[in-house]
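A structural walkthrough
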Amino acid sequence: MDDNAPSRATATVGTQVTANLALQIAHNLRFAHDWTELRIHYEGFSGSGSLPRPVISGLPPKRLYVHPDEQIELLEKQRKQGSTKPLELAPEREWVLPSQLHEQWTLGRFAEVFDALDAIPSVTSDDRATGHVTSHWRTEQPKRLLLATIDTDSTVVYYVLHNGIVKPRQN
């Protein structure tokens, strides 16, 4: 047996820690940020096998991200209508990747997660019942997720990440 290989007990503890982390982030999304339809996913999509760690999908109370090109389209539509009131945008289902502040993330680790996810979390029966339609801007753009980073004091910070992020050049 390889002495450098992690034991099954270590792997099980690591799996339990990431599962508990996903539960803690899901709790924060539900009760602090009013998200609905939360699900914790352990298996990958599109035949990708298992996820490197659990991820969450859910529906925020309002849209979290608007692509700049979509913003231009919406502003032009608003101008044509002669309206000064902002357009109401339906919320979109989002992926959330739970992490801890002390974790060391690399572009490769993020790429593993993005490779295992579909572009958009699967539509639920609730989405169909409410007539939720996914914007073409969401389906034609790179995958995105929220990186939920929790500190030891239970503070959670959320960052929007897109697939295809690159390491900055050093001059």
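Everything discussed here concerns the structure shown above.
In this report, we go over the structure that sits alongside the text. (Residues numbered from 1 in each chain as written. Predicted model: local features only at pLDDT ≥ 70, side-chain atom pairs only at ≥ 80, totals over all residues. Heavy atoms only, no water.)

Turning our eyes to something else, we now look at the overall build of the protein. Scanning the protein from N- to C-terminus turns up five helices and five strands. The helix and strand sequence of the protein, counted from the amino end, reads α-β-β-α-β-α-α-α-β-β. Burial analysis of the protein (171 residues in total) assigns 34% to the buried set. Considering only contacts within the protein whose residues lie at least 6 apart along the sequence, 65% involve residues at least 24 apart. Total accessible area computed for the protein in this model is approximately 11100 Å², and 53% of it derives from carbon and sulfur atoms. (Helix = DSSP H or I, 4+ residues; strand = E, 2+ residues; numbered from the N terminus. Buried < 20%, exposed > 50% of the residue type's maximum accessible area, 1.4 Å probe, protein only. Contact = heavy atoms within 4.5 Å. Areas by Shrake-Rupley, 256 points an atom, 1.4 Å probe, with all protein chains shown as cover.)

Take the pairing of strand β3 (residues 94–100) next. Of all seven residues in β3, six are buried; the element is thus mostly enclosed. Two elements, strand β2 (residues 50–59) and β3, share three bridges in a ladder whose sense is antiparallel. Within the sheet, the bridge partner assigned to Gly-58 lies in β3 and is Glu-94. Pairing analysis gives five bridges linking β3 to strand β4 (residues 144–150), with the strands arranged parallel. Bridge pairing links Leu-97 to Leu-147 in β4. (Pairing = 2+ DSSP bridges.)

Here we take up the side chain of Glu-92. Note that Glu-92 resides in the loop between α2 (68–81) and β3. In terms of polar contacts, Glu-92 uses its side chain to reach the side chain of Arg-144, at 2.9 Å. (Polar contact = N/O pair within 3.5 Å; in protein donor to acceptor, adjacent residues only side chain to side chain.)

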